[in-house]
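Geometric and topological summary
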Amino acid sequence: MLGNVLTNVSLGAVAVSFPHTVKAMEPFFSVLMSAIFLGDVPPVPVLLTLVPIVGGVLMASLTEVTFNWTGFLSALFSNITFQSRNVLSKKLMLAKGASMNNMALFQTITVLSFFMLLPVTLAVEGAPLLPSALDAAGIAGADAALLFTRLGLAGLCFHGYQQLSYSILGRVTPVTHSIGNCVKRVVVIVASVVAFSHPMSRQNMLGTAIALGGV
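The paragraphs below set out a description of the structure included in this document. (Residues numbered from 1 in each chain as written. Predicted model: local features only at pLDDT ≥ 70, side-chain atom pairs only at ≥ 80, totals over all residues. Heavy atoms only, no water.)

1. Concerning the overall build of the chain
Operational definition: Helical segments are the DSSP runs of H or I of at least four residues, strand segments are the runs of E of at least two, and each set is numbered from the N terminus. As a reference, a globule follows 2.2 Å times the number of residues to the power 0.38, and the radius of gyration itself is taken over C-alpha atoms. In this scheme, a residue with accessible area under 20% of its type's maximum is buried, one over 50% is exposed, and one in between is partly exposed, where area comes from a 1.4 Å probe on protein chains only. Whether two residues are in contact is decided by their heavy atoms, any of which lying within 4.5 Å being enough. Think of it this way: Lys and Arg go in the positive column, Asp and Glu in the negative one, and His and the chain ends go nowhere. To locate a charge, the coordinates of NZ of Lys, CZ of Arg, CG of Asp or CD of Glu are taken.
Secondary structure summary: the chain contains 11 helices and zero strands in total. For the chain, the sequential pattern of α-helices and β-strands runs α-α-α-α-α-α-α-α-α-α-α. Taken against the 2.2 N^0.38 rule, which gives 17 Å for 215 residues, the C-alpha radius of gyration of the chain at 19 Å falls within 12% of a compact globule. Burial status across the chain gives 33% buried among its 215 residues. Across the chain, every contact between residues at least 6 apart in sequence was considered, and the portion connecting residues at least 24 apart equals 82%. Charge separation in the chain, taken as the distance between the mean sites of 10 positive and 6 negative side-chain charges, equals 16 Å.

2. Observations regarding the packing of aromatic side chains
Quick note on the threshold: Aromatic rings from Phe, Tyr and Trp, with only the six-membered ring used for Trp, were paired whenever their centres fell within 6.5 Å, and each pair was classed as stacked if the ring planes differed by under 30 degrees, edge-to-face if by over 60, and tilted otherwise.
On inspection of all chains with the given rule, the structure shows nine aromatic pairs. Where tryptophan 69 meets phenylalanine 72, the ring centres are 5.8 Å apart and the plane angle is 85°; that geometry is what we call edge-to-face. Of this pair, tryptophan 69 and phenylalanine 72 both sit in helix α6 (residues 69-94), three residues apart, roughly one helical turn. Note on phenylalanine 106 and tyrosine 166: the rings are 5.5 Å apart at their centroids and 45° apart in plane angle, and the pair reads as tilted.

3. Considerations on the packing of α6 against helix α7 (residues 102-125)
What counts is decided by this rule: Between N-to-C directions, angles span 0 to 180 degrees; the directions come from axes that are lines fitted to C-alpha atoms, helices contributing only their stretch in contact. When describing relative orientation, an angle under 35 degrees is termed roughly parallel and one over 145 degrees roughly antiparallel, while 65 to 115 degrees is termed roughly perpendicular and anything else oblique. Throughout, a crossing is termed right-handed when the near helix is turned clockwise from the far one, and left-handed when it is turned anticlockwise from it by less than a right angle.
At their nearest, the axes of α6 and α7 sit 10 Å apart, and the two run at 135° to each other. Our classification of the angle between α6 and α7 gives oblique. Relative to α7, α6 is oriented so that their crossing is right-handed. Each of Ser89, Leu92 and Met93 in α6 lies in contact with α7, whose residues at this interface are Asn102, Leu105 and Ile109.

4. Topic: the environment of glycine 56
Topologically, glycine 56 is positioned in helix α5 (residues 50-62). The buried category is assigned to glycine 56, whose relative accessible area is 0%. In the structure, glycine 56 is positioned 35 residues away from threonine 21 in sequence and 8.9 Å away in space, judged by C-alpha atoms.

5. Some details on the nonpolar core
Operational definition: Here, nonpolar core means buried Ala, Val, Leu, Ile, Met, Phe, Trp, Tyr and Cys residues that are tied together by side-chain atoms lying within 4.5 Å of each other.
Within the largest apolar cluster, 15 residues are counted, with the highest numbers of intra-cluster contacts made by Phe18, Val22, Met25, Val57, Phe72 and Leu76. Elements with a contribution of two residues or more to this core: α2 (17-22), α3 (26-37), α5 and α6. Not counting residues within four places of it along the chain, the set of residues in contact with methionine 25 comprises Ile53, Val54, Val57, Leu76 and Asn79. Grouped together as the second largest cluster of nonpolar side chains are six residues, Leu105, Phe106, Tyr166 and Leu169 included.

6. A look at the environment of glutamine 83
Secondary-structure assignment places glutamine 83 in helix α6. Relative accessible area serves as the criterion here: at 1%, glutamine 83 is assigned to the buried category. With 64 residues separating them along the chain, glutamine 83 and proline 19 place their C-alpha atoms 15 Å apart. Setting aside chain neighbours within four positions, we find glutamine 83 in contact with Glu26, Phe29, Ser30, Met33 and Ser178.

7. Considerations on α7
Using the following cut-off: The length a helix should cover is 1.5 Å for every residue beyond the first. To get the bend at a given residue, fit one axis to the seven residues ending there, fit another to the seven starting there, and take the angle between those axes.
Over its 24 residues, α7 runs 33 Å from end to end, which matches the ideal 34 Å to within 8%, given 1.5 Å per residue. For α7, the principal kink sits at leucine 117 and spans about 30°; a proline, proline 119, occurs within the next four residues. Among all positions in α7, only Asn102, Met103, Leu105, Phe106 and Ser113 are buried. Its buried side turned inward, α7 meets α6 and α9 (142-169).

8. A few points about the side chain of lysine 23
Put simply, the rule reads: Should a side-chain nitrogen of Lys or Arg be within 4 Å of a carboxyl oxygen of Asp or Glu, the pair is scored as a salt bridge. Throughout this description, a polar contact denotes any pair of N or O atoms lying within 3.5 Å of each other; where both atoms belong to protein, one of them has to be capable of donating a hydrogen while the other can accept it, and for residues adjacent in sequence the pair is counted only when both atoms sit in side chains.
Mapped onto the fold, lysine 23 is located in the loop between α2 and α3. For the buried lysine 23, no salt bridge is present, and the opposite-charge side chain at shortest range is glutamate 26, 5.2 Å distant. At 2.9 Å, the side chain of lysine 23 and the side chain of serine 78 are in polar contact. Among residues more than four places away in sequence, those in contact with lysine 23 are Thr7, Ala75, Ser78, Asn79, Phe82, Cys182 and Arg185.

9. Some thoughts on a nonpolar patch on the surface
Spelled out, the test is: Excluding any residue in a salt bridge, patches collect residues exceeding 30% relative accessible area, merging like charges within 9 Å and nonpolar Val, Leu, Ile, Met, Phe, Trp and Tyr side chains within 5 Å. A 1.4 Å probe and the Shrake-Rupley method give the accessible areas. Residues count as covered only by the protein chains that appear here.
Taken together, Phe28, Leu32, Ile36, Phe37 and Leu88 make up a surface patch of nonpolar side chains, about 420 Å² in accessible area. With four residues, the single largest contributor to the nonpolar patch is α3. Of note, phenylalanine 37 is situated in helix α3.

Function cannot be inferred from these measures alone, as they are strictly geometric.
What follows is the structure, encoded as structure tokens:
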């Protein structure tokens, strides 16, 4: 729940490409959490690759046009929460006599997350999708239909991504999972720059490239 909320807070505060640049630090937190909770410490060459990952993210952050602390810290803490979830989920998958496979575990966590977030959403946002709330926001007719279509497609894509992610997590270590997950950052960063015409300085692009090169 926290991972999703913090990611969306970050996306609302800065350009789409920036949270995904910060999230390239996933392997760093995955190594840390794996060492703490699983006692799994990667070999030295893997640890050394964390240097360009962290350095590249810092370089890109220093020149990010839309940088602000809300966006940066939200993306950073979403990393911590998601990697904690992955490592603790892996610990449950490896537990002797575990009664749930990776898909059952994913479904249980998703349902629990929904029920934890629902009262918070209603308390903070009210009921933003009720007709009265949509009318107050100037959304009606074709605009409302487009809104619900995009919400439905976004939800379907996100659920599919998370389910596939858990399927992979059941087969590899959390560190390998986080490294593979970083490949999508390239696609998201490039797509967001193209879709939203977000400017990136040369140093910003270089920092992003170094971070992803470390991955």
